[in-house]
Amino acid sequence: MQKMYLLITITNRTDSDEFSSFFSSKEVSIVYSTPCLGTARGKILALFGLEESLKTVHYCIVTENKKEELIKALTREMAIDLPNRGISVAVPLTSIGGRRTLEAFANGHQNDETKNEVKSMSECTTELIVIICAKGHTDEVMDAARGAGAGGGTVVHAKGTGSQYTDKFFGLSIADEKEMIYIVSTKEKKKEIMNAVMESAGTHTDAHAIAFSLPVSDTAGLRIFDKN
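All of these numbers come straight from a predicted model, not from anything done at the bench.

Under the criterion given, the structure shown has nine salt bridges. A salt bridge links Glu 69 to Lys 66; the shortest N-O distance between them is 3.1 Å. Residue Glu 69 and its partner Lys 66 are both found in helix α3 (residues 64-76); the two are separated by three residues, about one turn of the helix. Salt bridges here are not isolated pairs; linked through shared partners, they connect Glu 64, Lys 67, Glu 68 and Asp 218.

Here it is, written out as structure tokens:
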């Protein structure tokens, strides 16, 4: 049985249908897509007369072999490594609830012969930082992250469903509208970025930001991280 991965692909909103068709052509049966925003500074957008950077996040769960195929095809066929085209990262999964769910996501590929050795967590040199903050405080979070060496980020709007205990613990209403910020970072910079965000926009501030990170096994569209 192959390992499974969550493949997160962020594209321009105008390219959303094109990438959806790409995943369908590669026999990826289930793809979840949601609108989101880029994190270009408002002052820069206003200076150049630009609108907000509209993005789409595509999520799909795939096998090891399918992940390898998609990462290569995103570069070769979709030119995702060109400037302002998009990025894609693969996050290893530890479990999936139920065999029928596994079969649905794997789409018949779970028993394919494994072509590549699975990378261990220690070998992952890239990480996905996820920051959840109060709505309207993305600029504060990104200013702190950029000051610590982060590049851009992607914002997904969300709403929490926390318990009364969580409300009391953090001193804020988890059920309020939130913004989830995805930042892809090298493993070396991750700690510095997260510390900067917690210091400038943590739970002691109006932003009430919390952060965690996930290991990324493969990337596409991030030339600054690629060693090959």
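A few words now on the pairing of strand β1 (residues 4-12). Across the nine residues of β1, eight count as buried, placing the element largely inside the fold. Two elements, β1 and strand β3 (residues 54-63), share nine bridges in a ladder whose sense is antiparallel. Each bridged residue has a counterpart across the sheet, and for Thr 9 the counterpart in β3 is His 58. Where β1 lies against strand β4 (residues 86-92), seven bridges are found, and the strand directions are antiparallel. Note on β4: the bridge partner recorded for Tyr 5 is Pro 92.

Cut-off values and rules
Residues numbered from 1 in each chain as written. Predicted model: local features only at pLDDT ≥ 70, side-chain atom pairs only at ≥ 80, totals over all residues. Heavy atoms only, no water. Salt bridge = Lys/Arg side-chain N within 4 Å of Asp/Glu carboxyl O. Helix = DSSP H or I, 4+ residues; strand = E, 2+ residues; numbered from the N terminus. Buried < 20%, exposed > 50% of the residue type's maximum accessible area, 1.4 Å probe, protein only. Pairing = 2+ DSSP bridges.

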